[in-house]
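Examination of the molecular architecture
Residue-level listing of the chains:
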Amino acid sequence: MARKQPRPEVSRRKFLAAAAVAGATTALAPPAKAATTDGSISAPRRPSALPPTMQVAVAETATPKELPRIGGVPGSDFMVDVIKTLDIKYLPSNPASSFRAIHESLINYGGNKLPEFLTCAHEESAVGMAHGYFKVAGKPLMTLCHGTVGLQHATMAIYNAWCDRVPVIIVGGNDLDAAHRPPGVPTIHSAQDINALVRDFTKWDDTPVSLQHFAQSFVRAYKIAMTPPYGPVAISLDAGLQQEPIRNNGEKLYIPRYVPTSPPQGDSGAVKEAARLLANAQNPVIVVDRAARSENGVQLLVQLAEALQAQVIDQGGRMNFPSTHYLRRPPTVVGNADVILGLELTDFWATVNTYIDNGEHGIGVNTTKIKPETKLISINSSELLTKANYQDFQRFQSVDVSMAADAESTLPALIEAVKSAIPDDRKAAIEKRGEAARKAFAEARERTKQAAALAWDASPVSTARLVMETWAQIKDLDWSLVASSGNVSNWPRRLWPMEKYYHWLGASGGYGVGYGAPASVGAALANRDLGRFSVSIQSDGDLMYAPGVLWTAARHKIPLLAVMHNNRGYHQEVMHVQRLSNFRNRVASLGGDMGPIGTSIENPDIEYQKLAESMGWWGKGPIKDPAQLGPALKEAVAVVKSGQPALLNVWTQPR
Ligand SMILES: Cc1ncc(C[n+]2csc(CCOP(=O)(O)OP(=O)(O)O)c2C)c(N)n1
Ligand SMILES: [Mg+2]
């Protein structure tokens, strides 16, 4: 029998004392160099685990010195005073030493109110939450992040906010003064210019070097972020400036007053010309993407469409136009248009052209979708916010009347101009257009319902059934679909009666996956405060980027119903790899999974309901039988109404 090894009986105290002596000896006497037979000197053998350095040992064992108390008013208290003037309700953030001073001021001096700190497990989650929150509340949140590494984590979410025209105030801690900052980790985590990381996709940034400079920069940052086109802004916050007391050098600190900037409206001549074209068109079509910034925007669009009896294509960057309105039409109607008005389009080129990636030699084929004589009009504030590096401005499209202006605030003038431009002899023809649209709308709706009924009883559950069973459970509530990640063939926007601005919030903007989970938590937070019910369609791939946001939702009591579209894969990529295999006349290698190697999320299957439960959520699943879906959803809705977030893991068809 093997002899039992004696257990090492070393207490932590004894171990530290021994280590301290060893460390001290090492420090006093440099290790002797070992001589070899050929007379050269070789380095002494090092122990496999190095003893702690003297500094470490002393720090661990010595009696701590009385900490000095810093007199005066901390600089970061003044920063909190500045922040409080802007009525920012929450601050989702992951903690870090580079902003420890303002963190301390916010919770102790500021009472953790306006803003309230929300603990996040990832900086990307914090920014994603702010993104979703804004789209419901119309007010921005701020986040604090560790200057280098934290901001590196936050970047993709900032890019999404940039592409989606959403304001987020990002404050990054950074220790600028090389002579005074702590050596080691804090220095590794410092940079000359942290904002350089995000400069290409923020509207503005600054590095204030005095408290008065901070006050100006913060109010300016807020104002710039909140002027349409909205966008993220960044402020680098020096650790020294936060930590030092306010200097009594005769300077009287003040906080500049915030006055919102009015949004840019279209030039009056261009508005008149656009109205003339629209009023005289045989078949005008309005295409909207991020046109409505508020409920008012939705109402204005209805007025414009009805004045012209023009068909409306809603590309879904926001809920722009009610899905129940008879003028709502699918994207294909551009083909018959003689005038197209594009409002805040992300991609005008792709609205009027098609690209298919199956041309010869791997080059895509471009074809136009419209008639050659069709006139194009654009109102788009993004033209005021174009930078060179990232290509979110899309392909260049020539447009006949182009206004670099905010669509929502230009609409009142355009509606008036259209009404007065409609010639009397066209009024009857315009009315007739409306009748035809009603008929086409009713027919299209019937076709969509029939398509949704296909494979109704399939297992895994069809995406149409997933979406419509969910609808059946929430339809009598004041609901808000806060995100739909992955791809469920657009069923909610095709079949749910979306009429209010908050019924649909749009997608990520930048298509950086990992947006759905945090944005839905942020939007649910805003809805919670307004007494609304939040539901999200949550895909599997999206959730796995940073699932820690589930914990943040439970920790801060944010009710949200997450219905999973769990197709056990990155299905978008399944299709891409499959397509390439087809082009090359090869069979895609599956490696034992459902999709091509590298695209499945199975073997093992992730138990998302347990993942959610472990972080304080109610969870159920996996549901594979469609008959079980309705009752499970009913249970989940009751849980969410009681205030707890709930996740239903549903195995679904790919699309
Ligand atoms: C950060 C990031 N990584 C990778 C991609 C590429 N990508 C686009 S869609 C997708 C699949 C996402 O999976 P899931 O959320 O489950 O949606 P599904 O396609 O399965 O419906 C991926 C990986 C991306 N857009 N963003
Ligand atoms: Mg998936």
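Whatever comes next refers back to the structure up there.
Residues numbered from 1 in each chain as written. Chains lettered and ligands numbered in written order. Predicted model: local features only at pLDDT ≥ 70, side-chain atom pairs only at ≥ 80, totals over all residues. Heavy atoms only, no water.

Turning next to the side chain of Glu469. Mapped onto the elements of the fold, Glu469 is located in helix 15 (residues 463–474). When neighbours within four sequence positions are excluded, Glu469 is seen to be in contact with Pro626, Leu629, Gly630 and Leu633. (Helix = DSSP H or I, 4+ residues; strand = E, 2+ residues; numbered from the N terminus. Contact = heavy atoms within 4.5 Å.)

With that out of the way, let us pick up the sheet that holds strand 17 (residues 533–539). A sheet is described by the order of its strands in space; here five strands give the open sequence 16-17-18-20-19, paired in parallel fashion. Two strands in the sheet have a free side with no partner beyond their single neighbour: strand 16 (479–484) and strand 19 (618–623). Direction aside, the axes of adjacent strands within the sheet are offset by 15 degrees on average. Bridge count for strand 16 against strand 17 is five bridges, and the pairing is parallel. (Pairing = 2+ DSSP bridges. Axes fitted to C-alpha atoms, helices over the stretch in contact; angles between N-to-C directions.)

Here we come to the coordination of the magnesium ion (ligand 2). The coordination sphere of the magnesium ion (ligand 2) contains the protein donors Asp540 (OD), Asn567 (OD1) and Gly569 (O), at a distance range of 2.1 to 2.2 Å. Each donor residue of the magnesium ion (ligand 2) lies on one chain, and together they are spaced D-x26-N-x1-G. Remark: Gly569 occurs in the loop between strand 18 (561–565) and helix 20 (571–583) and Asp540 occurs in helix 18 (residues 540–545); sequence separation between them is 29 residues. Judged by relative accessible area, which is 8%, Gly569 ranks as buried. (Donors = N, O, S within 2.8 Å, 3.2 Å for Na, K, Ca; no water. Buried < 20%, exposed > 50% of the residue type's maximum accessible area, 1.4 Å probe, protein only.)

Moving on, we get to the packing of helix 5 (residues 123–137) against helix 6 (residues 149–163). In a pair of packed helices, the angle between the axes and the distance between the axes together describe the arrangement. Between helix 5 and helix 6, whose axes approach to 7 Å, the crossing angle comes to 25 degrees. With respect to their mutual orientation, helix 5 and helix 6 come out roughly parallel. The two elements helix 5 and helix 6 cross, and the hand of that crossing is right-handed. Facing helix 5, whose interface residues are Glu123, Glu124, Val127, Gly128 and His131, helix 6 presents Gly150, His153, Ala154, Met156, Ala157, Ile158, Asn160 and Ala161. Residues of the contact of helix 5 with helix 6, tallied by class, amount to six nonpolar, five polar and two charged. (Parallel < 35°, antiparallel > 145°, perpendicular 65-115°, else oblique. Left-handed = near helix turned anticlockwise from the far one by under 90°. Nonpolar A, V, L, I, M, F, W, Y, C, P; charged D, E, K, R; others polar.)

What follows deals with the site of ligand 1. Taken together, 19 residues are adjacent to ligand 1, and Ser539, Asp540, Gly541, Gly569 and Arg655 come closest. Measuring from an oxygen atom of ligand 1, one finds a side-chain N or O atom of Asp540 at 2.7 Å. At 2.9 Å from an oxygen atom of ligand 1 is found a main-chain nitrogen or oxygen belonging to His571. Here ligand 1 has 580 Å² of accessible area as a free molecule, and 76% of this is covered by the chains. Sorting the residues of the shell around ligand 1 by element identifies helix 18 and helix 20 as the ones contributing at least two each. Here the element with the most residues in the shell around ligand 1 is helix 18; it accounts for four residues. Looking at the shell around ligand 1 residue by residue, the class counts come to five nonpolar, 10 polar and four charged. (Near = heavy atom within 4 Å. Polar contact = N/O pair within 3.5 Å; in protein donor to acceptor, adjacent residues only side chain to side chain. Areas by Shrake-Rupley, 256 points an atom, 1.4 Å probe, with all protein chains shown as cover.)

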